[in-house]
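Reading the structure
One-letter residues, chain by chain:
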Amino acid sequence: MVNDTYLQQIENFFATHLTGFNMIEKCNTMPYGPFFSISYKKEDVRIEISGEIGLNINITIDGKEYGLWQYDRSVNDHTNKSIDNLAYQLNVLKKFLE
């Protein structure tokens, strides 16, 4: 299914680029709905990535939640659910975490 492709892309990205993070949750509502989400955690940092019509990445640091767009507003131009937009947002996330 389509969501499986997005989830696999995220899992591969974390396995390659953000190896210190552990997956803690994964949800795929296909074939009943377009929603997916996946969460990772490393120490006091939690990352939640979700998609339905659009894509969204939230980062919680020491209990305070931030949207990835607060770090780099260019992600607002890459919110439509697509493989390319997800790759773009994941790369911005990587830069934020470095």
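In this report, we go over the structure that sits alongside the text. Note that the coordinates shown come from a computational prediction; the quantities given were computed from them, not determined experimentally. (Residues numbered from 1 in each chain as written. Predicted model: local features only at pLDDT ≥ 70, side-chain atom pairs only at ≥ 80, totals over all residues. Heavy atoms only, no water.)

Observations regarding the overall build of the protein chain
To keep it simple, the criterion reads: Only DSSP runs of H or I with at least four residues qualify as helices, and only runs of E with at least two residues qualify as strands; both kinds are numbered from the N terminus onward. With C-alpha atoms as the basis for the radius of gyration, the globule rule is written as 2.2 Å multiplied by the number of residues raised to the power 0.38.
When you go through the protein chain residue by residue, the secondary structure sums to three helices and five strands. Counting from the amino terminus, the protein chain carries its helices and strands in the arrangement α-β-β-β-β-β-α-α. Relative to a compact globule of 98 residues, whose C-alpha radius of gyration would be 13 Å, the protein chain shows 13 Å and is just as compact. Seen through its principal axes, the protein chain has C-alpha atoms that stretch 35 × 30 × 25 Å.

Structural notes on helix 3 (residues 83–97)
Every α-helical turn comprises 3.6 residues, leaving residues that sit three or four positions apart pointing alike. Note the threshold: To estimate how far a helix should extend, the number of its residues minus one is multiplied by 1.5 Å. For each residue, the accessible area found with a 1.4 Å probe, counting protein chains only, is set against the maximum for its type, and the residue is called buried under 20%, exposed over 50%, and partly exposed in between. In this description, the arc belongs to the directions extending from the helix axis to the C-beta atoms. Any two residues whose heavy atoms approach within 4.5 Å are treated as being in contact.
In this model, helix 3 (15 residues) spans 21 Å end to end at C-alpha, consistent with the 21 Å of a helix rising 1.5 Å per residue. For helix 3, the full list of buried residues reads N85, L86, Q89, L90, V92 and L93. Buried residues of helix 3, seen end-on, are gathered within an arc of 160 degrees and therefore sit on one face of the element. More than 90 degrees from the buried face of helix 3, the exposed residues found are D84 and K95. Of the surrounding secondary structure, the elements contacted by the buried residues of helix 3 are helix 1 (2–17), strand 3 (45–51), strand 4 (55–61) and helix 2 (68–71).

Thoughts on the nonpolar core
Applied cut-off: Within this scheme, the nonpolar core is defined by two criteria: the residues are buried Ala, Val, Leu, Ile, Met, Phe, Trp, Tyr or Cys, and they are joined through side-chain atoms within 4.5 Å.
Core analysis: the largest hydrophobic core is formed by 22 residues, its most contacted members being I10, F14, I47, I49, I57, L90 and L93. Sorting the residues of this core by element identifies helix 1, strand 2 (36–42), strand 3, strand 4 and helix 3 as the ones contributing at least two each. Considering every element that reaches this core, the biggest residue donor is helix 1, with five residues.

Overview of the sheet that holds strand 5 (residues 64–67)
This is how the line gets drawn: Strand pairing is defined by DSSP finding a minimum of two bridges between the two strands. Between N-to-C directions, angles cover 0 to 180 degrees, with each direction set by a line fitted to C-alpha atoms, over the stretch in contact for helices.
Here five strands make up an open sheet; going across it, the order is 1-2-3-4-5 and the pairing antiparallel. Lying at the two open borders of the sheet, with one neighbouring strand each, are strand 1 (22–28) and strand 5. Neighbour to neighbour, the strand axes of the sheet diverge by 15 degrees on average, direction disregarded. Taken strand by strand, helix 1 contacts strand 1, strand 2 and strand 3, and its axis lies near 15 degrees from that of strand 2. Contacting strand 3 and strand 4, helix 3 crosses the sheet at an angle of about 15 degrees to strand 4.

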